[in-house]
Amino acid sequence: MTVREKEFSATVRQPNGMAIIDLRGEINAFAEASLHAAYDRALDSDPATIILNFSDVAYINSTGIALIVGLLAQARKTHRRLITCGLSEHYQEIFHITRLSDFMTIYTDEASALAGAMSNK
Amino acid sequence: MIAIRNFWQNLFEGREKEAETQPEQTAVSTIVNRIDLDIAPNDPLVSYFRTTPGVVDIRELDLKSAALSQLREAGVVLVVPLMSQGELIGMINLGPRLSEQEYSADDRKLLNDLATQAAPAVRVAQLVRQQQAEALERGRIEQELKIAAIIQQTLLPKSLPAIDGYEVAAYYQPAREVGGDFYEFLYLDDGRIAFIIGDVTDKGVPAALVMATTRTLLRAAAERLTSPGAVLERVNDLLEPDIPARMFVTCLYALLDPKTGLLQFANAGHDLPYRAGQTGTDELHARGMPLGLMPGMTYEEKTIQLNPGDTVLLYSDGLAEAHAPDGEMFGFPRVKALLDHEARGQELIDYLLSELADFTGEGWEQEDDVTLVTLQYKARPEEDVQFMNNGQVTTERQTVATFELPSQPGNERQAMEKVAELVGGMNLGNGRLEKLKTAVAEATMNAMEHGNKYDKNRPVRIEVQTSSQDVAVRITDEGGGPPEVVSETPDLAAKLAGEQSPRGWGLFLIQNMVDEMNVTRDEQYHTIELVLNLESNQ
């Protein structure tokens, strides 16, 4: 049996001065460089809120959690809000257990995340 | 035109034998020369004979014909073709007259008359011989069918397993041309029982022989190996080099632990068994290629928990692929739907067969072997349930599988997927398989990183155990010795404020994902045991 590494990638969309980072693949140690690069690109439009879209993420390990904690710390220093959408039930639970959900609102899908970002602008 | 040659050869052979036993007649054999003549159907000589009846003096012929040259070389002068219904069925070939005179008109007339009389007689002789050969062939096939049926029936189990709390029933009906179906029960030393069903492609004696070989290999492998996947892997590797081309064997190997009701199985391309329970019928999936196709195959292993009242049906394609007179196929969905009927055990077999008979109608010639085996779990055997002091019911865990992974970054994914495969059929409850996967991945990562320092020569060993109450995964690395300083509980606020490293979530996640976590260590090894209770025990 072989399990192929599902490579991580992150792309940025910036509709109406907002920033959405679409995450794909597995968030583990291998994801660090691409994740930070995407976060830096998202800052181009100086957004107040950055949405992390997890719809295409199948696996996040503890190192991945640490990376997200790092992003969250960075965002808070510069007074930006980080919110999430598309997390599976399992990872929503992990965000609760780790208390990440206390600092990053969890929206089920992108539309509600965008609405949430707008209302708190 | 082979018939011609054979016919004449046979005639001549008869003559030669006579000549040997009666030496005084050697004078005759000297003037009869045997001519091995293969005349191509498109040889111009054939069409010449067809259009020009009667005796032919081949010295005068001007044809580009290989057969003609051969005849001339053999010293033939006259050819009298034997024709029947426009077909050349033989030839009388004559050399020069012994009197050294030319053949007269009378000679030719005599030969023509002879040919006219002989041709139908020769034709009749040929037909008789052909019929005899066909009858012989038919007899041989009948004989083969009998042999195949004997091999098959000799090797099928003579009795059914008698297991406390369970009922096993089986049915086997060979097609006229026996297919390669087989089933088998093996009794392992640890009390578990293997249920095997298989089907060899092809029919008759070749299929029966391959079936017999496969059965022997399965028995030998099951004696040494305890996991269904490993047994199939071994049999595949032994069978593959020897199996005739275009033949292979589908085979399902299921291992029942009667004490716990756990059924562990692997499948080499056989029809998926069904488990009929109180909440409906499900297919028991496990991936694997048929035996004998390719070397080096691995077989997915699954384990399910049987509940009292459950029936597992193993069957061969003779049932699902039977056809009605209008060509409609019985089909797998129909088999599955029929399992909603309340009949179980032998009654279920009878019910399926009567439905099959209704479907195919009267006068159906069975297309393939039909094999059905049912395993019904009637009740939990009482004596194996131990009551602990606190009143909690528990049963002993059994090892389902043990495997090793080299300590390389990313390999935790394999650990996670493999464990998920192994316990995928267990009743863990909604979302809890995901929790176990996360816990296994994190514990494996810790083992590879902290225990084995990512030294790929130091593997992480993973053992999966199940009981009727819970699932346990034991992950062992070589980080034995005194315990390291216990890391602090991660505090997100402190991490965000930069007072703690953003990392350090692994152990915390594991503890929150499982119902029980136990750590043991000795001088060399360190083991973390993750336990998740089954839904029924939560």
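Everything below is about the structure shown above.
Note on numbering: residues in each chain are counted from 1, in written sequence order. Each chain is given a letter, starting from A, and each ligand a number, starting from 1, according to the order in which they appear as written. Per-residue local features of the predicted model are confined to residues with pLDDT of at least 70, and side-chain atom pairs are confined, for both listing and counting, to 80 or more; whole-chain, interface and lining totals are unaffected and use all residues.

Q: Hey, could you run me through the overall build of chain A in this one?
A: Secondary structure counts use DSSP, requiring at least four H or I residues in a row for a helix and at least two E residues in a row for a strand, with both numbered from the N terminus. Scanning chain A from N- to C-terminus turns up 5 helices and 5 strands. In sequence order, the secondary structure elements of chain A are arranged as β-β-α-β-α-β-α-α-β-α. Residues with at least 20 neighbouring C-beta atoms inside 10 Å of their own are called buried, those with 12 or fewer are called exposed, and the rest are partly exposed, where every C-beta is derived from the backbone. When the 121 residues of chain A are sorted by exposure, 41% land in the buried category. Partitioning the contacts of chain A with sequence separation of at least 6, the portion at a separation of at least 24 is 68%. Residues are defined as contacting one another if the C-beta atoms placed from their backbone atoms lie within 7 Å.

Q: Can you walk me through the overall build of chain B in this structure?
A: The secondary structure content of chain B amounts to 14 helices and 20 strands. Within the span of chain B, comprising 538 residues, buried residues form 37% of the whole. In chain B, of all internal contacts separated by at least 6 residues, the share reaching a separation of at least 24 is 68%.

Q: Explanation requested: the pairing of strand β5 (residues 180-187) of chain B in the structure shown.
A: As a general feature of sheets, a regular strand has side chains that alternate between the two faces. Residues and elements named next belong to chain B. For β5 and strand β6 (residues 193-200), the ladder comprises 8 bridges, and the chain directions are antiparallel. When the sheet's bridge partners are listed, D181 is paired in β6 with D199. Pairing between strands is defined by DSSP: at least two bridges between them are needed. In this structure, the hairpin formed by β5 and β6 is closed by a connection of 5 residues, where G191 is found at a positive phi of approximately 95°.

Q: Looking at this structure, how should I read the sheet that holds strand β2 (residues 19-27) of chain A?
A: Either a parallel or an antiparallel arrangement is found when strands of a sheet pair, and the pairing is made through backbone hydrogen bonds. Residue and element names in this part refer to chain A. With respect to topology, 5 strands assemble into an open sheet ordered β1-β2-β3-β4-β5, the strand pairing being mixed. Across the chains shown, the open sheet's two edge strands, defined by having one partner strand only, are β1 (9-13) and β5 (106-107). Axis angles are defined between N-to-C directions and span 0 to 180 degrees, where every axis is a line fitted to C-alpha atoms and, for a helix, only to the segment in contact. Seen against the sheet, helix α1 (residues 32-42) touches β1, β2 and β3 (49-60) and runs at an angle of roughly 5° to β1. Sheet strands in contact with helix α5 (residues 110-119) are β3, β4 (81-85) and β5, and its direction is about 160° off that of β4.

Q: Would you mind going over unusual backbone geometry with me for this structure?
A: A negative phi angle characterises most non-glycine residues, just as the trans form characterises most peptide bonds. Positive phi, close to 55°, is recorded for A:H79, a residue that is not glycine. Inspection of the secondary structure assignment puts A:H79 in the loop between α2 (62-77) and β4. On the neighbour-count criterion, A:H79 (7 C-beta atoms within 10 Å) is exposed. For B:Q85, which is not glycine, the phi torsion reads 50° and is therefore positive. If you trace the backbone, B:Q85 turns up in the loop between β2 (78-84) and β3 (87-94). A residue is classified by how many C-beta atoms lie within 10 Å of it, and B:Q85, with 8 of them, is exposed.

Q: Mind showing me how you'd approach the interface of chain B and chain A here?
A: Quoted interface sizes are often the accessible area lost when the parts come together. The interface of chain B with chain A comprises 22 residues on the first partner and 21 residues on the second. Elements represented by at least two residues in the side of chain B that touches chain A include exactly α11 (412-423), α12 (432-451), α13 (492-496) and α14 (506-513) of chain B. All residues other than Ala, Val, Leu, Ile, Met, Phe, Trp, Tyr, Cys, Pro, Asp, Glu, Lys and Arg, Gly among them, are scored as polar; the first ten of these are nonpolar and the last four charged. The residue inventory of the side of chain B that touches chain A, partitioned by class, reads 8 nonpolar, 7 polar and 7 charged.

Q: Would you explain the packing of α11(B) against α12(B) in this entry?
A: A pair of packed helices is characterised by two quantities: the angle between their axes and the separation of those axes. All names here are of chain B. Running from N to C, α11 and α12 point in directions that differ by 145°, and their axes come no closer than 8 Å. Judged by the sense of rotation from one axis to the other, the crossing of α11 with α12 is right-handed. On α12, the residues that touch E412, R413, A415, M416, V419 and A420 of α11 are L433, L436, K437, V440, A441, T444, M445 and M448. Along the lines of polarity and charge, the residues of the contact of α11 with α12 split into 10 nonpolar, 1 polar and 3 charged. Here a crossing is taken to be left-handed if its near helix is turned anticlockwise relative to the far helix by less than a right angle, and right-handed if that turn runs clockwise.

Q: For this particular structure, what's the right way to read the environment of B:P273?
A: Residues and elements named next belong to chain B. Relative to the helices and strands, P273 is located in the loop between β8 (262-268) and β9 (274-277). Along the backbone, P273 and S316 are 43 residues apart, and their C-alpha atoms lie at a distance of 9.4 Å. Those residues in contact with P273, other than ones at most four positions away along the chain, are L252, L284, V312, L313 and L314.

Q: Help me understand the nonpolar core, please; the structure alone is not making it clear to me.
A: For soluble globular proteins, nonpolar side chains are generally found buried alongside one another. Counting residues in hydrophobic clusters, the biggest one holds 137 residues, and the most contacted among them are A:I21, A:I51, B:Y253, B:V419, B:V440 and B:L530. Note that domain bounds follow an automatic or database assignment of domains. No fewer than three residues from each of domain 2 (156-383) and domain 3 (388-537) of chain B sit in this core. Not counting residues up to four positions away in its chain, the partners in contact with A:I21 are A:A10, A:V12, A:A38, A:Y39, A:A42, A:I50, A:I51, A:L52 and A:N53. If you look at the next biggest cluster of nonpolar residues, it comprises 18 residues, including B:V55, B:V56, B:L78 and B:L82. For this entry, the nonpolar core is defined as buried Ala, Val, Leu, Ile, Met, Phe, Trp, Tyr and Cys residues connected by C-beta atoms within 7 Å.

Q: Quick question: what am I supposed to make of the sheet that holds strand β1 (residues 56-57) of chain B here?
A: All names here are of chain B. Reading across the sheet, the 3 strands line up as β1-β2-β3 and stay open at both edges, with antiparallel pairing between neighbours. Of all strands in the sheet, those bounded by a partner on one side alone are β1 and β3. Where β2 and β3 come together, 7 bridges link them in antiparallel fashion. Across the sheet, the residue bridging to M83 is L88, located in β3.

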